[in-house]
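Structural characterization, general
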Amino acid sequence: GGGLVRASAAHPDGPFTARAITRDPGSEAAQALAALPNVEVVQADTDDEASVERAFAGAYGAFCVTFFWVDLSPEHELAQAKNMAAAAKAAGVEHVVWSTLEDTRHWVTDDRMPTLQNFATLSLMASSTASLDGSPERRYFIVIEVQGFG
């Protein structure tokens, strides 16, 4: 997410202000983002849907990303993703970009690489969060499948 915020800040004449959401606005990384033009930093925790909804309030768009490596729990990552999706919907966010990965279980069918669970969870998040009320409506979700992060 920080890369997207920095890219937005590099175009200060653009129509949007970037809102960086972090658990710790006092961190060095958050302060560095706050020092950029057209950037505001707000506190929210993806474990707390209400805090994410407050952080999304008034935003046109949101770029959502999770971090599996915090506790290596697919269930926790999926819960956080659902919180972000529900918060975006409740806050009236019109455009959500979801950063995800392709489900590699289609090609690797044994347990040689257990960390591939991260790919599977991200793929599941993309399909399960796009329509929270069971309807086929997916108008405001765009899913970006990244083949890897470097």
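Now for a description of the structure that goes with this document.

For the rest of this paragraph, the subject is the nonpolar core. V52, F56, C64, V93, V96 and W98 are the most contacted members of the largest nonpolar core, which totals 13 residues. Broken down by secondary-structure element, the contributors of at least two residues to this core are α3 (49–56), β3 (61–64), α4 (74–91) and β4 (95–101). Residue contributions to this core peak at four residues, all from α4. Within the second largest apolar cluster, six residues are counted, among which are V5, A9, L33 and V39.

A few words now on the side chain of E77. Mapped onto the elements, E77 comes out in helix α4. For the buried E77, which has no salt bridge, the nearest side chain bearing the opposite charge is R23, at an N-O separation of 11 Å.

It is the contact of α3 with α4, at a shortest axis distance of 8 Å, that shows an interaxial angle of 45°. Between α3 and α4, the angle falls in the class oblique. When the axes of α3 and α4 are compared, the crossing they make is right-handed. Residues E49, V52, E53 and F56 of α3 form the contact with α4, whose participating residues are N83, M84, A86, A87, A88, A90 and A91. A breakdown of the residues in the contact of α3 with α4 according to their chemical character gives eight nonpolar, one polar and two charged.

Criteria and cut-off values
Residues numbered from 1 in each chain as written. Predicted model: local features only at pLDDT ≥ 70, side-chain atom pairs only at ≥ 80, totals over all residues. Heavy atoms only, no water. Core = buried A, V, L, I, M, F, W, Y, C linked by side-chain atoms within 4.5 Å. Buried < 20%, exposed > 50% of the residue type's maximum accessible area, 1.4 Å probe, protein only. Helix = DSSP H or I, 4+ residues; strand = E, 2+ residues; numbered from the N terminus. Lys, Arg positive; Asp, Glu negative; His and termini not counted. Salt bridge = Lys/Arg side-chain N within 4 Å of Asp/Glu carboxyl O. Axes fitted to C-alpha atoms, helices over the stretch in contact; angles between N-to-C directions. Parallel < 35°, antiparallel > 145°, perpendicular 65-115°, else oblique. Left-handed = near helix turned anticlockwise from the far one by under 90°. Contact = heavy atoms within 4.5 Å. Nonpolar A, V, L, I, M, F, W, Y, C, P; charged D, E, K, R; others polar.

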